[in-house]
Amino acid sequence: MLRVERLELREVRLPLREPFVTSMGAVQDRRILLLELTDTQGAHSWSECVALDAPHYTPETIDTAWLALSEWLAPRLLGQELDSARQVHDLLRPGIRGHEMARGALEMGCWALEAELRGVALARLLGGERETVATGISMGIEPTPEAQASKAVTAVAAGYRKIKLKIKPGFDIDHVAAVRKALGPDVAMMADANSAYTLADIEHLKRLDDFDLVMLEQPLPWDDLVDHAALQAQLRTPICLDESVCSLDHGRHMLQLDAGRVLNIKPGRVAGFQVSIALHDLCAAHDVPVWCGGMLESGIGRAHNVALASLPNFRLPGDLSPSARYWQQDIVTPEWTMQDGHVRVPFERPGLGVEVDRERVEYLTVRRQTLCS
Ligand code: OSB
Ligand code: MG
């Protein structure tokens, strides 16, 4: 049984070690919305809302998520007696459109709470099997192809199993070419445009076919499937969707239209684990590989991502870089690390598998709100 009695929202600010530059702009200080859930038996869990501070990626922001959580979502959950976290998705859905990241944060917090209460690892509760997950790196845009190539060489030397380059017009073909040349033909490479192109760029995008990319992520608008299908029909490189898939229906439509041949699943983007698992299963049934993307999460969001990525059809390396790549110091112990290009799934520990450093979270908190049943 699960009954959330108290929900604490807090905003923490964590400076990134270096700015993360994409076609959406640069992120330097990550504003992070954390949730702490307490149930009537005194168990705790933590989750993270992955929304950014501006609506550049999808329409949500940390502030819209805060509003949605406090006004509409928390009141539905608090005090409700539930058999399992599996009921939370349906509890939060009726009459609330969008706000996937806000719903996802609350839903994932409930799964973590259930894992705590049952004394099992979150990965186990989700149906995970994989004990380690291959790790890829998502690299921000560098000013020159040479700088991009040198960073990529360092990343491969560090053990990363997949190199993802952020691209945008003017920082694409030459950058990808330089990196491919520096890394040689055997390293798994991909590019992510975060919707920086339109179908009018089709001839330009076709030039990326020369570089043997594992996939091209989200080249076209965040809410599009039809143009992606038109592009995929003319591209040899498989398209991977990210922003365009925020629900199980979107995933089904992607497959029906052949708008993408790989799916990046971020549990926060798709309203939580229930939909993530359904998308994972749907893609597995169609022999479409999935992998776990990232949103520059702290160690708390990372714990949720790593647990999900242990499911069997997460066949490609995830954007699951170790804590030290992003932060001077993470807010969990132990910090997330990479060994031999893999992150270990903490099956042996209940819940998230990492401790939240409460003192550090307290110190970093700039805003908080407590909601009770
Ligand atoms: O498109 O995958 C993306 C970060 C913020 C917003 C969108 C994206 C990303 C990343 C970073 O690629 C992945 C990571 O957390 O390392
Ligand atoms: Mg992406």
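Above: the structure in question.
Residues numbered from 1 in each chain as written. Chains lettered and ligands numbered in written order. Predicted model: local features only at pLDDT ≥ 70, side-chain atom pairs only at ≥ 80, totals over all residues. Heavy atoms only, no water.

Visitor: Can you help me understand the overall build of the chain in this one?
Guide: Counting secondary structure elements, the chain contains 13 helices and 15 strands. Across its three principal axes, the chain shows a C-alpha extent of roughly 60 × 40 × 35 Å. Here the chain, with 373 residues, has 59% of them falling under the buried criterion. Sequence separation of at least 24 residues holds for 73% of the intrachain contacts in the chain that already meet a minimum separation of 6. Side-chain charges of the chain comprise 39 positive and 52 negative groups, with the mean position of each set lying 1 Å from the other. (Helix = DSSP H or I, 4+ residues; strand = E, 2+ residues; numbered from the N terminus. Buried < 20%, exposed > 50% of the residue type's maximum accessible area, 1.4 Å probe, protein only. Contact = heavy atoms within 4.5 Å. Lys, Arg positive; Asp, Glu negative; His and termini not counted. Charge placed at Lys NZ, Arg CZ, Asp CG, Glu CD.)

Visitor: Even after reading the chapter, I still don't get the environment of Asp357, so can you show me in this structure?
Guide: Inspection of the secondary structure puts Asp357 in the loop between strand S14 (355-356) and helix H13 (358-364). You can call Asp357 partly exposed: its relative accessible area is 23%. Measuring from C-alpha to C-alpha, the distance between Asp357 and Pro334 comes to 9.5 Å, with 23 residues separating the pair along the chain. Setting aside residues no more than four positions away along its own chain, Asp357 makes contact with Gln329, Ile331 and Val332.

Visitor: I would appreciate a short explanation of the pairing of strand S10 (residues 262-265) in the present structure.
Guide: On a regular strand, each side chain points to the face opposite its neighbour's, so the side chains alternate between the two faces of the sheet. A two-sided burial pattern is seen for S10, the buried positions comprising Val262 and Asn264 on one face and Leu263 and Ile265 on the other. Note: strand S9 (residues 239-241) against S10, two bridges, orientation parallel. Looking across to S10, one finds that Leu241 is bridged to Leu263. At this point the chain moves from S9, through helix H9 (residues 248-257), to the parallel S10, and the crossover so formed is right-handed. In terms of handedness, the path from S10 via helix H10 (residues 273-285) over to strand S11 (residues 290-292) forms a crossover that is right-handed. (Pairing = 2+ DSSP bridges. Right-handed = clockwise from strand over helix to strand, strands pointing away.)

Visitor: Whenever I open this one, helix H3 (residues 100-118) confuses me. Can you help?
Guide: One turn of an α-helix holds 3.6 residues; hence residues three or four places apart share an orientation. In this model, H3 (19 residues) spans 26 Å end to end at C-alpha, consistent with the 27 Å of a helix rising 1.5 Å per residue. H3 sits mainly inside the fold: 16 of its 19 residues count as buried. Gly119 lies just past H3 and shows a positive phi near 70 degrees. (Expected span 1.5 Å × (residues − 1).)

Visitor: Mind showing me how you'd approach the sheet that holds S11 here?
Guide: Adjacent strands of a sheet form backbone hydrogen bonds with each other and so pair up, either parallel or antiparallel. If you trace the seven strands from one edge of the open sheet to the other, you get S5-S6-S7-S8-S9-S10-S11, paired in parallel fashion. One side of each edge strand has no neighbouring strand; the edge strands of this open sheet are strand S5 (136-139) and S11. Neighbour to neighbour, the strand axes of the sheet diverge by 25 degrees on average, direction disregarded. Pairing of strand S7 (residues 189-192) with strand S8 (residues 215-217), which is carried by three bridges, proceeds in the parallel orientation. Bridging from a neighbouring strand, Ala191 pairs with Leu216 of S8. (Axes fitted to C-alpha atoms, helices over the stretch in contact; angles between N-to-C directions.)

Visitor: What exactly am I supposed to notice about the side chain of Ser70 here?
Guide: Along the chain, Ser70 falls in helix H1 (residues 62-77). Aside from chain neighbours lying at most four places away, what touches Ser70 is Leu9, Pro75, Gln369 and Leu371.

Visitor: Looking at this structure, I do not really get the packing of H1 against H3. What am I missing?
Guide: The description of two helices packed together rests on the angle between their axes and the distance between the axes. It is at 9 Å that the axes of H1 and H3 come closest, and there the two elements cross at 45 degrees. The pairing of H1 with H3 is recorded here as oblique in orientation. Two packed elements cross with a definite hand, and for H1 against H3 that hand is right-handed. Counting all contacts with H1, which are made through Ala65, Ala68, Leu69, Leu73, Ala74 and Leu77, the residues of H3 involved are Ala102, Arg103, Leu106 and Cys110. (Parallel < 35°, antiparallel > 145°, perpendicular 65-115°, else oblique. Left-handed = near helix turned anticlockwise from the far one by under 90°.)

Visitor: Help me understand the packing of aromatic side chains, please; the structure alone is not making it clear to me.
Guide: Aromatic ring pairs are reported here in terms of the distance separating the ring centres and the angle at which the planes meet. Scanning the entire structure with this criterion turns up two aromatic pairs. Seen in terms of ring centroids, Trp111 and Phe273 are 6.2 Å apart; in terms of plane orientation they differ by 85 degrees. Their pairing is edge-to-face. In this pair, Trp111 sits in helix H3 while Phe273 sits in helix H10, placing the two residues 162 residues apart along the sequence. There is no split in this pair, since Trp111 and Phe273 are both buried. (Phe/Tyr/Trp six-rings, centres within 6.5 Å; stacked < 30°, edge-to-face > 60°.)

Visitor: So what exactly am I meant to see when it comes to the side chain of Ser298 here?
Guide: By secondary structure assignment, the location of Ser298 is in the loop between S11 and helix H11 (299-309). In this structure the side chain of Ser298 is engaged in a polar contact, spanning 2.6 Å, whose partner is the side chain of Glu48. (Polar contact = N/O pair within 3.5 Å; in protein donor to acceptor, adjacent residues only side chain to side chain.)

Visitor: Please clarify how the coordination of the magnesium ion (ligand 2) should be interpreted in this entry.
Guide: Coordination angles at a metal have ideal targets, namely 109.5 degrees for four tetrahedral donors and 90 or 180 degrees for six octahedral donors. In the first shell of the magnesium ion (ligand 2), the protein supplies Asp192 (OD), Glu217 (OE) and Asp242 (OD), at 2.1 to 2.3 Å from the metal. The sequence motif formed by the donor residues of the magnesium ion (ligand 2) is D-x24-E-x24-D. Residue Asp192 is found in strand S7, and its partner Asp242 is found in the loop between S9 and H9; the two are separated by 50 residues along the sequence. On the basis of relative accessible area, Asp192 is assigned to the buried category, the value being 1%. (Donors = N, O, S within 2.8 Å, 3.2 Å for Na, K, Ca; no water.)

Visitor: How should I be thinking about the packing of H9 against H10 in this particular structure?
Guide: Viewed as axis vectors pointing N to C, H9 and H10 meet at an angle of 20 degrees, and their least axial separation amounts to 9 Å. In this view, H9 runs roughly parallel relative to H10, as classed from their interaxial angle. Considering how the two elements wind past one another, H9 and H10 form a crossing that is right-handed. In contact with Leu248, Gly251, Arg252 and Leu255 of H9, H10 contributes Val275, Ala278, Leu279 and Leu282. Within the contact of H9 with H10, the residues separate by chemical class into six nonpolar, one polar and one charged. (Nonpolar A, V, L, I, M, F, W, Y, C, P; charged D, E, K, R; others polar.)

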